[in-house]
Amino acid sequence: MNNYILRIFCLAFSVAFASCGKFTSNEEQPIARAYDKYLYAKDIEGIVPPNIHGNDSIAIVRGFIDQWQHDMVLQHQAEENIQVDEKYIQEQLENYRKSLVRFQYEQELINQKLDTTVTEEEITKYYEEHKKNFQLKKPILKVSYIKLSDKAPKIDMVKKLFTSKDVRDRDLLEKYCFKYSPAFSLMDTSWHYIDELEKTLPISKIGAYNYETLNRIFQISENNTLYLLILRGSKFRDSLSPLAFEKENIKNLILNQRKLKLISQMEREVFQEAQKNNELEVYKK
């Protein structure tokens, strides 16, 4: 963070508090107070990113102090107006601590022992066995596109090359795109949700009724920009989602199953070990 700015800011607050005569010169001066709670410079170290300076840096510090005082006021109000059940709070804290310790242990176990390799065969097998779980909730498309200035040369030639299957034509088109196009994808095999594509391409102007029209050029002009679009594939809501589109999701599902199995196995083994070592007893009343 901007340490110089922070020091100046903290100094200003410290001087204000020192002037009240409540602190000796040997004490660390607070920079803010809420009732009987104090905020010190050490408490706000690191809150300002290193690339933030000047007034922006000061604004972040002020915002932190404002939020701290806001929280302290609400905490004070709560403690003043309810009878705190300390036993209940301690029980909740202990349960929370137990959960955190157990979670940390499970994460360490997963980091050390989980097999994270998922083969293509495993992914395909899972997909085939759970197809009913892979129904699309919204349409997806495969799209090739070329983005050009509306003053780009030889558009008719580009369109001819774009629909050609000849390797030499594809090479010529790539060279053209590298020279004139700020963004292009000639043979993208990835599936994308339509709303994601709309963030960078005027897909909606094709019209949903044309989404089944594949391998034909759609030419769209917008804001002095020319878009040449070709739909390479389309899948609609409630149809079976393609395996290629679900691969990462399936991999995560398989890994999650392994995690649960590993944790369950650990729980079984440690309980059995405790029984074997006579660490567990049930006393009759």
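Refer to the structure printed above.
About the criteria used
- Residues numbered from 1 in each chain as written.
- Predicted model: local features only at pLDDT ≥ 70, side-chain atom pairs only at ≥ 80, totals over all residues.
- Heavy atoms only, no water.
- Helix = DSSP H or I, 4+ residues; strand = E, 2+ residues; numbered from the N terminus.
- Rg over C-alpha atoms; globule rule 2.2 N^0.38 Å.
- Buried < 20%, exposed > 50% of the residue type's maximum accessible area, 1.4 Å probe, protein only.
- Contact = heavy atoms within 4.5 Å.
- Areas by Shrake-Rupley, 256 points an atom, 1.4 Å probe, with all protein chains shown as cover.
- Arc of directions from axis to C-beta.
- Pairing = 2+ DSSP bridges.
- Patch = residues over 30% accessible without salt bridge, like charges linked within 9 Å, V, L, I, M, F, W, Y side chains within 5 Å.
- Salt bridge = Lys/Arg side-chain N within 4 Å of Asp/Glu carboxyl O.
- Lys, Arg positive; Asp, Glu negative; His and termini not counted.
- Charge placed at Lys NZ, Arg CZ, Asp CG, Glu CD.

1. A look at the overall build of the protein chain
At step 1: Looking only at helices and strands, one finds eight helices and seven strands in the protein chain.
At step 2: In terms of overall dimensions, the protein chain is more spread out than a globule: its C-alpha atoms have a radius of gyration of 32 Å, far above the 19 Å expected for 285 residues.
At step 3: If you line up the protein chain on its principal axes, its C-alpha atoms span 80 × 70 × 35 Å.
At step 4: By the burial criterion, 29% of the 285 residues in the protein chain qualify as buried.
At step 5: Of all intrachain contacts in the protein chain linking residues separated by at least 6 positions in sequence, the fraction that spans at least 24 positions is 66%.
At step 6: Accessible area of the protein chain: about 20300 Å², with a carbon and sulfur share of 50%.

2. What about unusual backbone geometry?
At step 1: At Tyr 35, a position not held by glycine, the phi torsion is positive, near 55°.
At step 2: Locating Tyr 35 in the fold gives a position in the loop between strand E1 (32-34) and strand E2 (37-39).
At step 3: Classification of Tyr 35 by relative accessible area gives partly exposed; the value is 37%.
At step 4: Positive phi is not limited to glycine here, since Asp 238 has a value of about 75°.

3. Points about helix H4 (residues 120-129)
At step 1: Those residues of H4 that sit buried are Ile 123, Tyr 126 and Tyr 127. Across the axial projection of H4, the buried residues extend over an arc of 100°, all falling on one side. Along H4, the residues that are exposed and aim more than 90 degrees away from the buried face are Glu 121 and Lys 125.
At step 2: In this structure, the buried residues of H4 make contact with helix H8 (243-276).

4. Here's the deal with the side chain of Glu 106
At step 1: Positionally, Glu 106 belongs in helix H3 (residues 86-113).
At step 2: A relative accessible area of 12% means that Glu 106 is categorised as buried.
At step 3: For Glu 106, the residues in contact, after removing those within four places along its chain, are Ile 263, Met 266 and Glu 267.

5. Let's talk about the pairing of strand E6 (residues 217-222)
Sheet faces and side chains relate simply in a regular strand, where the side chains alternate between the two faces.
At step 1: In the sheet, E6 pairs with strand E7 (residues 225-235) via six bridges, with the strands oriented antiparallel. Following the sheet pairing, Ile 220 is matched in E7 by Tyr 227.
At step 2: Adjacent in sequence and paired antiparallel, E6 and E7 are bridged by two residues, among which Asn 223 carries a positive phi angle near 55°.

6. As for a negative patch on the surface
At step 1: Taken together, Glu 79, Glu 80, Asp 85, Glu 86 and Glu 91 make up a surface patch of like negative charges.
At step 2: Contributing elements (two or more residues each) for the negative patch: helix H2 (54-81) and H3.
At step 3: As for its position among the elements, Asp 85 is in the loop between H2 and H3.

7. Digging into the pattern of salt bridges
At step 1: Under the criterion given, the structure shown has 11 salt bridges.
At step 2: Notably, a salt bridge pairs Arg 258 with Glu 122, separated by 2.9 Å at the nearest N-O pair. Of this pair, Arg 258 sits in helix H8 while Glu 122 sits in helix H4, and the two are 136 residues apart along the sequence.
At step 3: Residues joined in a network through salt bridges with shared partners are Arg 102, Glu 106 and Glu 267.

So, to be careful, I would describe these as geometric facts and stop short of saying anything about function.
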